[in-house]
Amino acid sequence: MIELRELTPEDAEALQQIYSSESTVFLGRGPMDEAGALCYLATAMAAAAQTPRTRYILGITVRAELLGVIKLNLDAPAATVGYVLRVDAWGRGYATEGVRTILALAFGPFGLPEVRAKHHPDNAASGRVLTKSGFTPAGVVGGFETYVIRPSAPPPLRPV
Ligand SMILES: CC(C)(COP(=O)(O)OP(=O)(O)OC[C@H]1O[C@@H](n2cnc3c(N)ncnc32)[C@H](O)[C@@H]1OP(=O)(O)O)[C@@H](O)C(=O)NCCC(=O)NCCS
């Protein structure tokens, strides 16, 4: 069972383990070093302090251990989600749980009309996370597989 929490300055080492060379293959960036981790944390904490808040960069924890990061970006034109897990935590359903948890926020308290996501065409595991979470493929854009999810439509009203 995962939990999501805000990142703190104490997370720098765990973040470097999460953003390793294996995890970053499809992320369009290299592995994270200590300076990169501190910069990342400063960005995450600044985003958390913003009003209104448009970016959620949250830690994914299991039994209080930071194993991943999930991001929800509310900036126009469409909200997007992204995620990364530490390599030794792959394949346990944590990314899917994280996405489902953040969708509950997106379609609950945030009242968003839709959330979008994308992945590199060779990153089949990421596509599986999205389809397991209820996303629908929305075509290839700029060489990336794109996906969309909207809140479930309410059931039709019964005639009285
Ligand atoms: C993609 C990533 C987040 C998945 O995290 P995870 O916690 O392992 O994901 P889950 O366990 O929730 O689900 C993974 C699913 O992909 C499947 N999968 C794993 N590798 C796969 C592959 N090579 N091809 C097809 N499916 C694959 C798993 O079997 C599982 O599906 P299942 O439950 O039907 O068996 C993780 O691999 C990661 O952090 N990768 C590096 C960062 C990254 O690529 N982020 C996404 C950027 S778009």
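Here is what the cut-offs are and how they apply
Residues numbered from 1 in each chain as written. Predicted model: local features only at pLDDT ≥ 70, side-chain atom pairs only at ≥ 80, totals over all residues. Helix = DSSP H or I, 4+ residues; strand = E, 2+ residues; numbered from the N terminus. Rg over C-alpha atoms; globule rule 2.2 N^0.38 Å. Buried ≥ 20, exposed ≤ 12 C-beta atoms within 10 Å, placed from the backbone. Near = placed C-beta within 6 Å. Nonpolar A, V, L, I, M, F, W, Y, C, P; charged D, E, K, R; others polar. Pairing = 2+ DSSP bridges. Axes fitted to C-alpha atoms, helices over the stretch in contact; angles between N-to-C directions.

A. Main features of the overall build of the chain. Looking only at helices and strands, the chain features 4 helices and 7 strands. The globule rule puts the C-alpha radius of gyration for 160 residues at 15 Å, and the 16 Å found for the chain is close to it. Dimensions of the chain, computed from the C-alpha atoms along their principal axes, are close to 65 × 35 × 30 Å. Here the chain holds 160 residues, and 29% of them are scored as buried.

B. Representation of the site of the ligand. Around the ligand, the surrounding shell holds 21 residues, and the nearest of these are Ala95, Thr96, Ala124, Ala125 and Arg128. At the level of elements, β4 (79–85), α3 (94–107) and α4 (124–132) are the ones that each hand at least two residues to the shell around the ligand. The greatest single-element share of the shell around the ligand, amounting to 5 residues, is contributed by α4. Tallied by class, the residues present in the shell around the ligand amount to 11 nonpolar, 8 polar and 2 charged.

C. Representation of the sheet that holds strand β1 (residues 2–6) in the model. With mixed pairing, the 7 strands of this open sheet are ordered in space as β1-β2-β3-β4-β5-β7-β6. Two strands lie at the open edges of the sheet, namely β1 and β6 (136–141), each paired on one side alone. Neighbouring strand axes in the sheet, compared pairwise and without regard to direction, differ in orientation by 30° on average. As paired strands, β6 and strand β7 (residues 144–149) are joined by 4 bridges and run antiparallel to one another. Residue pairing for β7: Thr136 is matched across the bridge by Val148.

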